[in-house]
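Residue-level listing of the chains:
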Protein chains: 2
Amino acid sequence: MEYNDLNCTKAYKELLDAPKASVKALLGKERIEKNEIKLGGGLKYNWAAMPIDENICSKLQALADEMDIVEKYKKILSGEMMNVGEKRLVLHHLTRGNVLSVKVEGDGEDKQAFYEGELAKIKDFAQKVHSGEIKGSTGKKFTTVCQIGIGGSDLGPRALYLALKGYEKKMNAEFISNVDPDDAADVISRLDFETTLFILVSKSGTTQETLTNRDLVLETLRKSPIKGLDSSKHIVAVTSKTSPLAQGKSVLASFFIDDYIGGRYSSTSAVGGVVLSLAYGYEVFEKILKGAHEEDCLSLEKDVTKNGALLDALIGVYLRNIKNYPATAILPYSQALSRFPAHLQQLDMESNGKSVNRHGKKVDYPTGPVIFGEPGTNGQHSFYQLLHQGTDIVPLQFIGFKNSQYGFDIITDGSYSQTKLNANLAAQIVAFALGKDDENPNKVFEGERCSSLIYGDKLTPESLGALLAHFENKVMFQGFLWNLNSFDQEGVQLGKVLAKKVLKGEGDEVLKAFAGKLI
Amino acid sequence: MEYNDLNCTKAYKELLDAPKASVKALLGKERIEKNEIKLGGGLKYNWAAMPIDENICSKLQALADEMDIVEKYKKILSGEMMNVGEKRLVLHHLTRGNVLSVKVEGDGEDKQAFYEGELAKIKDFAQKVHSGEIKGSTGKKFTTVCQIGIGGSDLGPRALYLALKGYEKKMNAEFISNVDPDDAADVISRLDFETTLFILVSKSGTTQETLTNRDLVLETLRKSPIKGLDSSKHIVAVTSKTSPLAQGKSVLASFFIDDYIGGRYSSTSAVGGVVLSLAYGYEVFEKILKGAHEEDCLSLEKDVTKNGALLDALIGVYLRNIKNYPATAILPYSQALSRFPAHLQQLDMESNGKSVNRHGKKVDYPTGPVIFGEPGTNGQHSFYQLLHQGTDIVPLQFIGFKNSQYGFDIITDGSYSQTKLNANLAAQIVAFALGKDDENPNKVFEGERCSSLIYGDKLTPESLGALLAHFENKVMFQGFLWNLNSFDQEGVQLGKVLAKKVLKGEGDEVLKAFAGKLI
């Protein structure tokens with residue numbers, strides 16, 4: 001298997017030469033019905049409003065074939081060392097099922113058995129907490145779970161937790177992430193320690209923010225006037241077996257992850273599993289895994305018109321490298337997905353925001369775009385002005401569901417709120433794509449603003465899992481296309497090193513001058 | 001006064017020809033101390049880490065002079081019709097003070113007197129609610145205020161409310177914005193109607209989302225088993241005098257805004273004033289206004305090295321139009337500012353995301369960039385990878401404060417959390433600017449990632465007001481530089497029209513095909 005740069009391929013050169021297509025010219029009823037791919041969890045990916053005609057599509061297929069994109073995915077699934085920078089396997093797919101039904105070994109153990117073992121521990125623990133068999137140190141039942149973690153230990157689990165808020169909760173969840181002490185102060189002010197279970201999440205067990213916030217919580221517990229509070233009965237850890245957090249007896253229980261699950265890909269591991277199983281029940285977490293696994297299986301398809309994640313990835317590369325669009329907006333028409341764009345921002349920008357290929361050579365084409373987004377219709381009253389009439393085109397990824405979660409709705413002015421929400425979504429796709437002429441140049445919409453739509457009946461645990469896996473796999477496929485290692489993050493290291501210097505009073509005069517203004 | 005396009009000016013052509021400057025080469029201790037401007041509210045704007053040398057800076061000064069930028073600001077302050085598209089004055093500055101001490105008339109009335117009159121009403125009303133003179137319909141004291149509004153009636157007030165959470169609250173605040181019924185359902189599930197006061201905010205009184213959510217709330221109130229609940233005693237309106245909401249007797253009180261305050265500039269009007277005065281007390285809102293007014297006064301300075309908002313605007317245009325950077329990240333090292341980037345996203349992208357100049361002619365240069373951001377240190381564990389090592393350079397706007405708000409902090413590993421937070425901030429500025437060489441190309445940081453820093457002692461109501469005004473004025477100045485009307489938003493209209501068609505079952509086959517998938 002070869003790992004070549006995108007611009008060394010024959011198909012890429014043909015794509016560059018292919019006549020551009022116009023969304024306005026292409027878009028019609030038939031295309032809208034036809035250009036649609038089944039995803040997992042009952043979702044569909046519609047790419048009718050993308051500037052991709054049959055000719056370009058066939059060249060995208062040729063590109064995927066020439067670069068062996070699906071075969072590279074199979075290498076990941078088979079347990080090859082695909083995180084070449086850190087010399088690690090990439091096993092997040094295995095946390096939700098064994099797509100190829102192969103045995104994957106790492107650290108001398110069967111990795112599927114390891115992940116399934118942790119799942120069994122989570123299931124058992126959550127049931128004991130919910131039944132009251134495991135209680136707080138003063139004998140009260142746990143009603144709140146508070147996750148302490150940052151980055152991948154925060155954004156994904158938090159986005160998934162918020163996404164299911166319309167479902168019956170077994171426990172309330174809170175999250176502390178930022179090293180800014182005001183974050184912990186605000187959350188702690190809402191907590192009743194007697195009924196709160198903390199989850200400390202750090203793979204390495206050395207994350208500065210997480211250890212600091214743990215200590216803040218421990219100190220507050222210690223100072224609490226409540227008699228009999230024992231912090232070790234109120235904390236569980238999610239970490240690697242070899243981390244400092246896994247040692248000692250200061251926690252009620254430990255759940256393990258390993259080096260083969262990158263932080264931003266860890267939502268379906270114990271990192272997301274413990275908090276989601278406690279909040280909604282293990283069965284709900286299991287449904288998320290099911291939806292994700294279904295999508296992982298569909299991502300094996302080699303025909304790009306039948307593989308949503310792969311086509312989404314290919315179109316994204318086309319828009320980034322051939323059309324030169326520098327950003328992409330994620331626009332869920334679902335308040336429940338309010339923090340999903342923030343999770344995808346990490347997933348995408350941390351995976352593919354890189355300038356050297358997997359061999360360490362500088363690439364000479366743009367890689368990962370800027371990702372941002374807010375839920376619709378809120379965004380319509382905010383930054384959509386620029387999306388419609390700004391000087392740059394920003395490709396759009398819409399997400400929508402026929403039905404609301406709570407089912408709490410009324411008819412006003414002839415329609416349900418949910419209908420209004422979706423009428424707006426449909427209207428925006430068309431407004432962006434087709435635009436509108438006007439005598440007043442200020443009211444002209446040029447159109448040709450391309451978008452895709454992922455939609456389904458309802459945001460359920462299964463469809464949520466599939467949605468997550470869709471974007472994870474899209475990002476993975478794009479990493480293959482750009483010939484990157486999407487699974488390390490060397491770009492976060494320098495800041496850590498310099499911050500430590502500041503705290504030790506070290507560093508050059510520039511560092512000291514800036515630090516002096518703030519400390 | 002002439003209104004010319006940016007690229008018709010002599011200074012712009014000279015800027016294009018000026019040799020580029022290197023942040024790495026420029027940055028030193030002396031520059032860090034010198035390149036700093038006093039803002040309102042005790043804040044400072046530091047631009048040491050920007051690729052602006054003395055030569056470029058003098059050309060930015062020439063550009064500001066040639067385009068009469070400060071004079072144009074004075075036109076706004078004097079009450080000229082600067083929103084040319086909608087033929088309206090632009091008076092948000094007047095909501096916090098009269099910078100030029102001139103009488104501004106609109107709609108046949110003295111506008112300063114009008115805004116001050118509304119402020120007096122807000123002060124009186126808030127005091128009566130806090131004292132219990134105004135109670136809910138069942139005789140209980142109001143403890144929660146729930147704002148129903150979207151866009152400018154939501155993002156700014158919400159960001160400011162969250163920004164002050166470390167201060168003593170008089171009432172808890174909640175916000176309902178999205179037409180997605182799950183938004184209202186989630187918020188309503190947390191409310192006790194007997195003690196909740198709703199604020200309905202819509203300038204026109206016709207905003208679909210806001211009326212729909214009002215009706216959802218009214219219906220829920222109607223169905224409540226609590227005896228004696230009278231919705232008209234639980235709702236106040238913030239709207240224009242002529243709007244449908246201002247009529248009728250269905251509200252407890254009305255507070256007025258007018259057509260001269262754009263939604264995204266309305267945080268310092270009654271739109272932000274009622275909710276913030278109820279939540280924190282009128283005195284706190286008054287301090288926000290004071291900080292904003294102080295910054296408005298400082299923005300009159302013609303020397304660009306003494307006018308933070310103006311220099312920030314000029315540097316932004318330089319980065320966008322000469323360096324061709326398409327996005328800007330807002331990175332507050334303050335959890336309290338968690339939603340401030342979302343507000344600035346609207347403020348900036350809705351104001352300057354436009355392709356035609358104020359005369360209706362298409363401009364042939366890029367205008368407003370994509371704006372996004374999350375609080376640090378959270379962002380460091382998310383999208384910073386791309387900012388450090390991605391293929392595009394994204395200019396950064398850091399914000400930081402020496403002290404936390406809650407003052408709840410402990411020493412771990414030799415330093416306070418607040419110190420760790422700021423050590424990270426200083427480290428990031430330097431890491432982005434100077435980078436680092438390495439034998440391993442994967443660990444190379446090229447540097448030259450430019451940033452500015454706004455900082456102060458503490459995020460107080462005054463500094464918050466100044467921060468808000470800084471960005472409002474920056475965006476206004478950039479609108480002048482790009483020769484745009486920054487005060488209309490025609491780009492939001494087409495979607496509204498098409499959504500109405502969907503709801504009426506009208507529209508062409510393309511619109512119907514998309515709607516059919518979702519409804």
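Above this text sits the structure in question.
Described below are features of the structure shown in this document. Being a predicted model, the structure only gives us computed values, none of them experimental.

**Examining the interface of chain A and chain B**
Next, step 1: Contacts between chain A and chain B engage 137 residues on the former and 138 residues on the latter.
Next, step 2: For the pair chain A and chain B, the summed buried area comes to about 11,400 Å², and 64% of that belongs to carbon and sulfur atoms.
Next, step 3: Looking only at chain A, the three residues that lose the most surface to chain B are F514, K517 and L518 of chain A, adding up to 8% of its buried area.
Next, step 4: Run the count over chain A and chain B and you get twelve salt bridges.
Next, step 5: The residue E36 of chain B makes a salt bridge to K517 of chain A at a minimum N-O spacing of 3.0 Å.
Next, step 6: Top contributing element to the side of chain A that touches chain B by residue count: helix α15 (residues 417-434) of chain A, with 16 residues.
Next, step 7: For the side of chain A that touches chain B, the residue count by class is 57 nonpolar, 49 polar and 31 charged.

**Some thoughts on the sheet that holds strand β8 (residues 235-240) of chain B**
Residues and elements named next belong to chain B.
Next, step 1: Reading across from one edge, β6-β5-β7-β8-β9 is the order of the five strands in this open sheet, with parallel pairing throughout. Every other strand in the sheet has two partners, leaving β6 (172-176) and β9 (253-257) as the edge strands with one partner each. Between one strand axis and the next, the sheet turns by 20° as a mean value, whatever way the strands run.
Next, step 2: As paired strands, strand β5 (residues 144-148) and β6 are joined by five bridges and run parallel to one another. By the bridge assignment, I148 is partnered in β6 with I176.
Next, step 3: Strands β5 and β6 of the sheet are contacted by helix α7 (residues 155-163), whose axis makes an angle of about 150° with β6.

**Examining the packing of aromatic side chains**
Next, step 1: Enumeration over the complete set of coordinates arrives at 26 aromatic pairs over all chains.
Next, step 2: Arranged with centres 5.8 Å apart and planes meeting at 55°, the rings of Y161 of chain A and F175 of chain A form a pair that is tilted. Here F175 of chain A lies in strand β6 (residues 172-176) and Y161 of chain A lies in helix α7 (residues 155-163), a separation of 14 residues in the sequence.
Next, step 3: Between the aromatic rings of F340 of chain B and F471 of chain B, the centroid separation amounts to 6.2 Å while the plane-to-plane angle is 70°, which identifies the pairing as edge-to-face. Placement of F340 of chain B in helix α13 (residues 340-352) and of F471 of chain B in helix α16 (residues 461-481) is noted, with a sequence separation of 131 residues between them.
Next, step 4: Given a relative accessible area of 3%, F471 of chain B falls into the buried group.
Next, step 5: The rings of Y333, F372, F383, Y384, F398 and F432 of chain A are connected pair by pair, giving a single aromatic cluster.
Next, step 6: Directly above the aromatic system of F114 of chain B lies the positively charged group of K111 of chain B, at a separation of 4.3 Å from the ring centroid.
Next, step 7: The ring of Y3 of chain B is capped by R358 of chain B, whose NZ or CZ atom sits 3.8 Å from the centre of that ring.

**Considering the sheet that holds strand β10 (residues 327-333) of chain A**
All names here are of chain A.
Next, step 1: In space, the six strands of this open sheet follow the order β1-β2-β15-β12-β10-β11, with mixed pairing throughout. Each end of this open sheet is capped by a strand with a single partner; those strands are β1 (36-38) and β11 (370-372). Taken over all neighbouring pairs, the strand axes of this sheet differ in orientation by 15° on average, direction set aside.
Next, step 2: Two strands pair when backbone bridges link them, and strand β12 (residues 396-401) and strand β15 (residues 451-456) are joined in this way by six bridges, in the parallel orientation. The partner of F401 across the bridge, within β15, is G456.

**Focus on the relation of the copies chain A and chain B**
Next, step 1: For the pair chain A and chain B, the superposition axis carries a translation of 0.0 Å, the fit reaches an RMSD of 0.0 Å, and the rotation angle comes to 180°. As the rotation angle and translation indicate, the two copies are arranged about a two-fold axis. When C-alpha distances to the rotation axis are compared across chain A, the minimum falls at F372 of chain A, with a value of 3.2 Å.
Next, step 2: Take the interface residues of chain A: 100% of them recur as interface residues in chain B, which is what a same-surface contact looks like.

**Concerning the environment of A184 of chain A**
All names here are of chain A.
Next, step 1: With respect to the helices and strands, A184 occurs in helix α8 (residues 181-188).
Next, step 2: On a C-alpha basis, the gap between A184 and I148 in space is 9.2 Å, while along the polypeptide they are 36 residues apart.
Next, step 3: Discounting chain neighbours no more than four positions away, the residues touching A184 are I176, N213 and L216.

Calculation notes
Residues numbered from 1 in each chain as written. Chains lettered and ligands numbered in written order. Predicted model: local features only at pLDDT ≥ 70, side-chain atom pairs only at ≥ 80, totals over all residues. Heavy atoms only, no water. Contact = heavy atoms within 4.5 Å. Buried area = accessible area lost by both parts, 1.4 Å probe. Salt bridge = Lys/Arg side-chain N within 4 Å of Asp/Glu carboxyl O. Helix = DSSP H or I, 4+ residues; strand = E, 2+ residues; numbered from the N terminus. Nonpolar A, V, L, I, M, F, W, Y, C, P; charged D, E, K, R; others polar. Pairing = 2+ DSSP bridges. Axes fitted to C-alpha atoms, helices over the stretch in contact; angles between N-to-C directions. Phe/Tyr/Trp six-rings, centres within 6.5 Å; stacked < 30°, edge-to-face > 60°. Buried < 20%, exposed > 50% of the residue type's maximum accessible area, 1.4 Å probe, protein only. Lys NZ or Arg CZ within 6 Å of the ring centre and 35° of its normal. Least-squares fit on C-alpha atoms with pLDDT ≥ 70 in both.

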